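Residues per chain, in single letters:
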Amino acid sequence: MKNVVVGQSGGPTAVINSSVAGVYSGAKELGAEHVYGMIHGIEGFLQDKLVDLDEYLDNPMGIELLKRTPSAFLGSCRYKMPKPEGHEDVYEKVFEVMEKHDIDVLFYAGGNDSMDTVKMLSDYAKAHGKKQQFMGVPKTIDNDLPVTDHCPGYGSAAKYIATTLKEVIRDNESFGAAKPTVEVCEIMGRDAGWLTAAAALAKGDDCTGVDAIYLPETAFDVDAFMAKVDYLSTHKHSVVIAVSEGVKLADGRYVMELGSENAMVDAFGHKQLSGTASTLCKMIAQKTGLKTRAIEFSTMQRAGSHVASLTDINEAFAAGKLAAEAASEGATGEMVIFKRLNKPGEPYQCGFSRYDVHEIANGVKNVPLEWINETHDGLTQDYINYAKPLIQGELIPFWCDGTPRHLVMKELADF
Ligand code: F6P
């Protein structure tokens, strides 16, 4: 490979930069002359917005700092590639920019929608006899990419959620009031409940855990929810509930739409989900008169690199590096996937492979229904066994003047 380019796309995570570091290290080790970064993903690439990553990463400190920097160092985008028919100019522009910079491989780190971009570009290249390669690097806090055992970004967001929920529970339990405050915590994950499930990881010998967990995999029953709140608030001094932003009623409406019907929609047609916790808190307050608190973990859960999982950071780095190795072997139209190598009960071991992106793009892998309890408000031990290894280990930030130091790309501000 001569020159390569790496881009970041979709919702950021605490470790997507580790994947960029992995692509950079892998490609350089394999002899790439220049490793470019796309500024704001494919959207910026179409405008020839590139940065030579040597400027930031050609020293061990750069890589270490990048691993400790949350969000998309290169800038992200939510750009949907149009269908090639009638939009050949968009595709030809991608190849024009690649040829201009002598780039033979494009790496794209992202989730379901971003893998669609990898698929469309690699298909176009094959159909038009172009030699350029396109490789996907998995990324999503949602953990919902098909085929792979888990996704980089999930372990760190899960660790943030479990950690923060323990702190929230500690706070709420401290009052010992006759009538508890009901705290409803809203967790991201548009279509799949993996991240909300991580609330189950708060429980341990030093924490009673959350009192109920609601995932989008099962229909949300308002009456059953209110009955549960009633029961908990008469039997406990503290009630903390975790709920996915994507929970839906049996009729298909999002619970958050009970509070407001005019949700914003992004380029992929996804509604902006927000307000589930406050909608439920209003219901609880009106019906019971209890004090409530709606907590949206929102951006914090995917940007919280100060509690990132070292396992996640290392695997994200490995995913980037393996994508570079796969490209050097001629791979295109594929994504790096993770495989769990250990048998149940054995120590966790992650293996890597790669897979046809057609089987992954736009797909959603849900939490298996058998990992959700019978009353649809909690997780089974199988989930805990699956998720616990992914949140292990820490990488201490470089604290500087009281806050963690980040690597910041100056070109981002100019774009
Ligand atoms: O896809 C990742 C994700 O963080 C989802 O969990 C969430 O629903 C969505 O992105 C939020 O997107 P945005 O930041 O564009 O509102």
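All values reported here derive from a predicted model rather than from experimental measurement.

Below, the discussion takes up the overall build of the protein chain. Within the protein chain, the secondary structure is distributed over 14 helices and 13 strands. For 415 residues, the compact-globule estimate of 2.2 N^0.38 gives 22 Å, and the protein chain sits close to it at 22 Å. Judged by the C-alpha coordinates and their principal axes, the protein chain covers about 70 × 45 × 45 Å. Scored against the burial criterion, the 415 residues of the protein chain give a buried share of 52%. In the protein chain, the share of contacts with a sequence separation of at least 24, taken over all contacts with a separation of at least 6, comes to 77%.

Turning our eyes to something else, we now look at the nonpolar core. Among the nonpolar cores identified, the biggest contains 129 residues, and Phe107, Ala158, Ile161, Leu165, Ala197, Ala199 and Ala323 are the most heavily contacted of them. Mapped onto the domain boundaries, this core takes at least three residues apiece from domain 1 (3-153 + 305-362 + 392-414) and domain 2 (156-302).

Time to look at helix α6 (residues 112-127). Compared with an ideal rise of 1.5 Å per residue, which puts 16 residues at 22 Å, α6 spans 23 Å between its outermost C-alpha atoms and is within 8% of the ideal. Among the 16 residues of α6, 13 are classified as buried, and the element is accordingly described as predominantly covered.

Here we take up the site of the ligand. The full set close to the ligand counts 13 residues, and Gly11, Asp142, Met188, Gly189 and Arg190 are the nearest of them. Its residues assigned to classes, the shell around the ligand shows three nonpolar, six polar and four charged. Residues from two domains meet in the shell around the ligand; each of domain 1 (3-153 + 305-362 + 392-414) and domain 2 (156-302) gives at least three.

Running from N to C, helix α9 (residues 222-235) and helix α10 (residues 276-288) cross one another at 60°; their axes reach a closest spacing of 11 Å. Taken as a pair, α9 and α10 cross one another with a handedness that is right-handed. Across from Met226, Val229, Asp230 and Ser233 in α9, the residues of α10 making contact are Ile284, Lys287 and Thr288. Considering only residue class, the contact of α9 with α10 consists of three nonpolar, two polar and two charged.

The next point concerns the domain arrangement of the protein chain. Each assigned domain of the protein chain is listed here: domain 1 (3-153 + 305-362 + 392-414) and domain 2 (156-302). Contacts between the two partners involve 18 residues from domain 1, matched on the other side by 17 residues from domain 2. Residue composition of the side of domain 1 that touches domain 2, by class: seven nonpolar, five polar and six charged.

Here the focus is α10. At 3.6 residues per turn, the α-helix brings residues three or four places apart onto the same side. In a regular helix each residue adds 1.5 Å, so 13 residues correspond to 18 Å; α10 covers 18 Å between its end C-alpha atoms and thus fits that length. For α10, the complete set of buried residues consists of Thr276, Ala277, Thr279, Leu280, Cys281 and Ile284. Of the surrounding elements, those touching the buried residues of α10 are β6 (182-187), α9, β8 (239-244) and β9 (292-296). Glycine 289, located one to two residues past α10, shows a positive phi value of around 75°.

Calculation notes
- Residues numbered from 1 in each chain as written.
- Predicted model: local features only at pLDDT ≥ 70, side-chain atom pairs only at ≥ 80, totals over all residues.
- Helix = DSSP H or I, 4+ residues; strand = E, 2+ residues; numbered from the N terminus.
- Rg over C-alpha atoms; globule rule 2.2 N^0.38 Å.
- Buried ≥ 20, exposed ≤ 12 C-beta atoms within 10 Å, placed from the backbone.
- Contact = placed C-beta atoms within 7 Å.
- Core = buried A, V, L, I, M, F, W, Y, C linked by C-beta atoms within 7 Å.
- Domains from an automatic or database assignment.
- Expected span 1.5 Å × (residues − 1).
- Near = placed C-beta within 6 Å.
- Nonpolar A, V, L, I, M, F, W, Y, C, P; charged D, E, K, R; others polar.
- Axes fitted to C-alpha atoms, helices over the stretch in contact; angles between N-to-C directions.
- Left-handed = near helix turned anticlockwise from the far one by under 90°.

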